[in-house]
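Commentary on secondary and tertiary structure
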Amino acid sequence: MSANKPDNRETATGMDAHAQFEHRTWGEMHETYDSHFGRITVQAADDLLSAAGVKKGIGVLEVACGTGNISRAATEAGAVVIGIDFVDGMLSEARRLHPGIDFRPGDAQALPFEEETFDAVVCNFGVHHFSEPLVALGEAHRVLKSGGRYAFTVWSPPSDVKVNFRQIIREAVNEHADVQDALPPGPSESHFASPENCARTLEGVGFRDVSTIEIPLLGAWPRPEQVLDTIYNAMARSKTLIDAQSASAKKNIESAIVERARQFEQSGTVRIPMPAMLTRARKP
Ligand SMILES: C[S@@+](CC[C@H](N)C(=O)[O-])C[C@H]1O[C@@H](n2cnc3c(N)ncnc32)[C@H](O)[C@@H]1O
């Protein structure tokens, strides 16, 4: 597997407001992300790698690798893995946690690799963070070999039918927020949670055999108040939105989240569903 253009930091200097926001907030959370959120997102590893056909000996790129847990799982499956992320702090953590794996700086929207380099490209909870997801999908397609497979996850939408973690935050914010526009304009968080959108969008950039399923992830905390630690230490958008509120609104949002979380407490553990949508596709 050749991997040219090893450093993409120049691309990162031309970031739009949304990318700058992502770059700054993930940079601020790089030391706390893994213990608060990486332990949850890694639950998607087996399904994600299986959807991408990851097996011994194949070349795998993990895009937006964060602290590198998916790269580690792919390495353990015997693949030859490179993980990229555009936040240096995340890469430092990835290298510290998983020594020996090849983690490099890189922008999902300008992948630092030649065409047809990898057998599989995976992205765990990254696609909805990219300013131009279509460009990122096109880049994944470009660096895949013919017949190569692409798989990614995003969070399922908030749901008041089967209440999930996103719904708990959304309800608390909707009820109590006094500042609505705390986040820079960015791509839709839920576009890639829709199987129809995924099929249409991925086919549009040249993928085939697109399918999307829901997979069950679970957040678990000893006490409901600790849900707030996860938000403040590892959830860039929710933290920014809550921090932007007046002191009283912030307090009300926090109380509302804790009270809702308390309803999920059983036998001394708070377990909240955090379902995800997993999409797979093939480059013809
Ligand atoms: C929610 S975290 C997911 C991390 C990891 N994949 C996981 O499963 O825990 C999102 C990651 O996307 C990275 N990211 C956001 N925009 C990016 C971009 N344009 N290029 C590369 N990485 C990006 C962030 O730095 C962050 O590490």
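Before reading further, recall that the structure is shown in the block above.
Residues numbered from 1 in each chain as written. Predicted model: local features only at pLDDT ≥ 70, side-chain atom pairs only at ≥ 80, totals over all residues.

**Digging into the overall build of the protein**
Put simply, the rule is: Working definition: helices are DSSP H or I runs of at least four residues, strands are E runs of at least two. Numbering for both runs from the N terminus. Partly exposed residues are those falling between the two cut-offs: more than 12 but fewer than 20 other C-beta atoms within 10 Å of their own, whereas 20 or more means buried and 12 or fewer means exposed, with C-beta atoms placed from the backbone. This entry defines residue contacts through backbone-placed C-beta atoms, with two residues in contact when those atoms are within 7 Å.
Helix and strand counts for the protein come out as 12 helices and 10 strands. C-alpha atoms of the protein, sized along the principal axes, occupy 55 × 40 × 40 Å. For the protein, the proportion of its 284 residues judged to be buried stands at 45%. For the protein, the proportion of contacts with a sequence separation of at least 24, taken over those separated by at least 6, is 77%.

**Notes on the site of the ligand**
Here is the rule we go by: Put plainly, near means the residue's C-beta atom, positioned from the backbone, lies within 6 Å of the molecule or strand in question. Put simply, Ala, Val, Leu, Ile, Met, Phe, Trp, Tyr, Cys and Pro go in the nonpolar bin, Asp, Glu, Lys and Arg in the charged bin, and everything else, Gly too, in the polar bin.
Around the ligand lies a shell of 21 residues, among which Thr41, Ala64, Gly66, Ala108 and Asn124 are the nearest. Elements supplying a minimum of two residues to the shell around the ligand: α2 (17-28) and α3 (33-41). For the shell around the ligand, the element with the highest residue contribution is α2, accounting for 3 residues. The residue inventory of the shell around the ligand, partitioned by class, reads 11 nonpolar, 7 polar and 3 charged.

**A closer look at the pairing of strand β9 (residues 269-273)**
Quick reminder of the rule: Pairing between two strands requires that DSSP report at least two bridges joining them.
On β9, burial follows the alternation: Val270 and Ile272 on one face are buried, whereas Thr269, Arg271 and Pro273 on the facing-out side are not. In sequence, strand β8 (residues 265-266) turns back onto β9 through a hairpin of 2 residues, with Ser267 there showing a positive phi of about 50 degrees.

**Observations regarding the packing of α3 against helix α10 (residues 226-234)**
Quick reminder of the rule: Note on geometry: axes are C-alpha line fits, over the in-contact stretch for helices, and angles between N-to-C directions span 0 to 180 degrees. Angular relationships are summarised with four words: roughly parallel below 35 degrees, roughly antiparallel beyond 145, roughly perpendicular across 65 to 115, and oblique for the angles in between.
Running from amino to carboxyl end, α3 crosses α10 at an angle of 105 degrees, the nearest separation of the two axes being 8 Å. Relative to α10, the element α3 is oriented roughly perpendicular. Residue-level contacts link Tyr33, His36 and Phe37 of α3 to Asp229, Thr230, Asn233 and Ala234 of α10. Tallied by class, the residues present in the contact of α3 with α10 amount to 3 nonpolar, 3 polar and 1 charged.

**Comments concerning the sheet that holds strand β5 (residues 144-155)**
Taken in spatial order, the 7 strands line up as β3-β2-β1-β4-β5-β10-β6 in an open sheet, and their pairing is mixed. Each having just a single partner strand, β3 (102-105) and β6 (208-215) make up the two edges of the open sheet. Strand-to-strand twist in this sheet, taken as the mean axis angle between neighbours without regard to direction, amounts to 20 degrees. Examined bridge by bridge, β6 and strand β10 (residues 276-282) share 6 bridges and lie antiparallel to one another. Among the inter-strand pairings, Thr212 is bridged to a residue of β10, identified as Thr279.

**Section: the sheet that holds β9**
Think of a sheet as strands paired side by side through backbone hydrogen bonds, with each pair either parallel or antiparallel. Strand order in the open sheet formed by 3 strands is β7-β9-β8, and the pairing between neighbours is antiparallel. Across the chains shown, the open sheet's two edge strands, defined by having one partner strand only, are β7 (218-221) and β8. Of the strand pairs in this sheet, β7 and β9 are connected by 4 bridges, and their pairing is antiparallel. Bridge pairing in β9 links Ala220 to Arg271.

**As for the packing of helix α8 (residues 165-176) against helix α12 (residues 247-262)**
Geometry of a packed helix pair, given as the angle between the helix axes and the separation of the axes. This is how it is decided: In this scheme the handedness of a crossing depends on how the near helix is turned from the far one: anticlockwise by less than a right angle means left-handed, clockwise means right-handed.
Running from N to C, α8 and α12 cross one another at 145 degrees; their axes reach a closest spacing of 9 Å. Crossing of α8 over α12 shows right-handed handedness. Counting all contacts with α8, which are made through Ile168, Ile169, Glu171, Ala172, Val173, Glu175 and His176, the residues of α12 involved are Ala249, Asn252, Ile253, Ala256, Ile257, Arg260 and Ala261. When the residues that make up the contact of α8 with α12 are grouped by side-chain class, the tally is 9 nonpolar, 2 polar and 3 charged.

Geometric descriptors of this kind do not, in isolation, establish any biological role.
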